[in-house]
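Structural characterization, general
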Amino acid sequence: MTQAHVNITIIGAGLMGHGIAHVLAAAGHQVKVFDRSAEALASLPERLAKLCDLLEVNQAINDRITAHNNLVEAATGADFVIEAAAENLEIKQFIVAELEAVIDPTSIITSNTSALPITRIAANARNPGRIVGTHFWNPPHLVKLVEVVQAEKTSLQTVNKTIALLSGAGHRAVHVRKDIPGFIGNRLQHALKREAIALVASGICDAETVDDVVKHGFGKRLAVLGPLEQSDLVSLPLTKAIHETLMPDLDRTNTVHPYLEQRIAEGHLGMISGEGFRKWTQEEADALRERLNNFLVAQAKAEANTDEQD
Ligand SMILES: NC(=O)c1ccc[n+]([C@@H]2O[C@H](COP(=O)([O-])OP(=O)(O)OC[C@H]3O[C@@H](n4cnc5c(N)ncnc54)[C@H](O)[C@@H]3O)[C@@H](O)[C@H]2O)c1
């Protein structure tokens with residue numbers, strides 16, 4: 001479906017905000033980016049130019065993006081406002097209140113919050129029906145999933161219009177029908193982390209082995225075979241048989257795992273401190289970031305080529 005070009009305002013010119021701006025401008029929309037930080041706005045053109053270089057797309061995309069230090073100027077006339085400011089409930093509620101005073105009553109406000117309930121962000125809104133979650137993944141210009149989160153009072157029309165906008169921009173927009181912590185993606189990701197941490201904590205294997213098992217085992221096919229597709233592939237009776245053995249044995253810790261608490265208390269914070277679950281030199285950490293980036297860029301380019309051929 002071809003999406004008519006609309007006016008979009010993005011609140012927050014940071015890591016997520018600039019990537020989301022690129023995605024929507026690349027789809028032909030006019031994008032205004034507001035930030036209260038002069039530094040963030042000053043570096044925006046250079047960061048956007050780098051994205052076009054990285055993805056080998058025309059820099060003219062950036063002609064559709066403007067930077068603003070005044071919210072009223074940035075939001076007036078917006079059909080959609082995507083909030084990607086700091087992960088803080090008061091700030092997000094304040095932004096909603098500021099926006100409601102400026103934008104058209106039919107315009108949609110979305111929040112890119114990682115974990116705050118959309119229902120709470122919309123708690124004091126005059127018109128909560130037009131407020132919806134849009135959980136993009138990092139980096140938004142390379143990872144195509146966006147979870148569209150329907151809060152208690154979000155109207156279905158808001159959900160559908162938001163999904164149409166994001167699908168039209170080439171993203172895989174999925175409908176999360178209830179505003180639950182972690183939405184869908186982070187629940188799945190952290191269910192896996194719970195078991196991974198428990199395996200290491202109980203001495204079954206070390207952290208490197210957990211990562212090897214995922215990366216060289218079932219992780220290889222995850223991008224083309226979701227867990228439920230995989231169950232259908234091997235059959236539900238086989239899945240059931242495995243669950244009969246496994247379910248009573250899987251980790252059930254319902255707090256932060258004590259092993260994670262212990263690592264942090266010992267100063268093992270991750271790559272930033274040279275050790276987390278695993279040890280990292282600066283070179284190893286840099287090499288991993290580069291590998292990840294190259295992999296995601298190659299995938300994004302391959303997907304773009306496939307889309308062109310379709
Ligand atoms: N970084 C990630 O991996 C990731 C992934 C998914 C969702 N998110 C969420 O996206 C949002 C943005 O995250 P980020 O990583 O881009 O953060 P960031 O720190 O890179 O950028 C946030 C920007 O918002 C600006 N800002 C803060 N308060 C503001 C206000 N009141 N008005 C206007 N601008 C304001 C800051 O100056 C900054 O430039 C957060 O809610 C975060 O939880 C982040």
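Here is what the cut-offs are and how they apply
- Residues numbered from 1 in each chain as written.
- Predicted model: local features only at pLDDT ≥ 70, side-chain atom pairs only at ≥ 80, totals over all residues.
- Buried ≥ 20, exposed ≤ 12 C-beta atoms within 10 Å, placed from the backbone.
- Helix = DSSP H or I, 4+ residues; strand = E, 2+ residues; numbered from the N terminus.
- Pairing = 2+ DSSP bridges.
- Near = placed C-beta within 6 Å.
- Nonpolar A, V, L, I, M, F, W, Y, C, P; charged D, E, K, R; others polar.
- Domains from an automatic or database assignment.
- Core = buried A, V, L, I, M, F, W, Y, C linked by C-beta atoms within 7 Å.
- Contact = placed C-beta atoms within 7 Å.
- Axes fitted to C-alpha atoms, helices over the stretch in contact; angles between N-to-C directions.
- Parallel < 35°, antiparallel > 145°, perpendicular 65-115°, else oblique.
- Left-handed = near helix turned anticlockwise from the far one by under 90°.
- Right-handed = clockwise from strand over helix to strand, strands pointing away.

A few points about the pairing of strand β4 (residues 80–83)
On any regular strand, side chains alternate: one points to one face of the sheet, the next to the other face. Of the two faces of β4, both are covered, the one formed by Phe80 and Ile82 as well as the one formed by Val81 and Glu83. Summarising the sheet, strand β1 (residues 7–11) and β4 pair through four bridges and their orientation is parallel. By the bridge assignment for β4, Thr9 is matched with Val81. Of the pairings in the sheet, the one linking β4 to strand β5 (residues 108–111) comprises four bridges and is parallel in character. When the sheet's bridge partners are listed, Ile82 is paired in β5 with Thr110.

Considering the environment of Thr255
Take Thr255: it is sitting in the loop between α11 (236–246) and α12 (258–265). Classification of Thr255 by C-beta neighbours within 10 Å gives exposed; the count is 7.

Considerations on the site of the ligand
Close to the ligand lie 23 residues, the nearest being Gly12, Gly14, Met16, Ser37 and Asn138. Only α1 (15–26) and α4 (89–100) provide two or more residues apiece to the shell around the ligand. Residue contributions to the shell around the ligand peak at three residues, all from α1. Along the lines of polarity and charge, the residues of the shell around the ligand split into 12 nonpolar, eight polar and three charged.

What about unusual backbone geometry?
Trans is the prevailing form of peptide bonds, just as negative phi is the prevailing case for residues other than glycine. Residue Pro139 is bonded to the preceding Asn138 through a cis peptide linkage, with omega at -5°. Position of Pro139 among the secondary structure elements: in the loop between β6 (131–136) and β7 (145–149). Its identity is not glycine, yet Ser235 carries a phi of approximately 100°, on the positive side. On the secondary structure map, Ser235 appears in the loop between α10 (227–234) and α11.

What about the domain arrangement of the protein?
A common way to express how large an interface is: the accessible area buried when the components associate. By the assigned domains, the protein splits into domain 1 (7–176) and domain 2 (185–256). Here domain 1 and domain 2 have C-alpha centroids that lie 33 Å from each other.

Some words on the nonpolar core
Grouped together as the largest cluster of nonpolar side chains are 52 residues, with contacts concentrated most on Ile10, Ile20, Ala21, Leu24, Val33 and Val81. For this core, the element with the highest residue contribution is α1, accounting for seven residues. Residues in contact with Ala21, not counting those within four places in the same chain, are Ile10, Val31, Val33, Leu48 and Ile65.

Structural notes on the packing of α1 against helix α2 (residues 38–55)
At their nearest, the axes of α1 and α2 sit 10 Å apart, and the two run at 55° to each other. In terms of orientation, α1 lies oblique with respect to α2. Here the hand of the crossing between α1 and α2 comes out right-handed. In this structure, α1 uses His18, Gly19, Ala21 and His22 to contact α2, whose residues at the interface are Leu44, Arg47, Leu48 and Leu51. Tallied by class, the residues present in the contact of α1 with α2 amount to four nonpolar, three polar and one charged.

Topic: the sheet that holds β1
Working definition: the strands of a sheet are paired by backbone hydrogen bonds and lie parallel or antiparallel to each other. The strand order across the open sheet formed by eight strands is β3-β2-β1-β4-β5-β6-β7-β8, and the pairing between neighbours is mixed. Pairing within the sheet leaves two strands with one partner each, and these edge strands are β3 (65–68) and β8 (172–176). Taking each pair of neighbouring strands and ignoring which way they run, the sheet shows an average axis angle of 25°. Along the sheet, α1 makes contact with β1, β2 (30–34), β3, β4 and β6, crossing β2 at roughly 170°.

A look at the pairing of β3
Residues Ile65 and Ala67 point to one face of β3 and are all buried, whereas Thr66 and His68, pointing to the other face, are not buried. Both β2 and β3 contribute to a ladder of four bridges, which runs parallel. Residue pairing in the sheet places Phe34 in a bridge with His68 of β3. Following the chain from β2 across α2 to the adjacent parallel β3, one finds a crossover that is right-handed.

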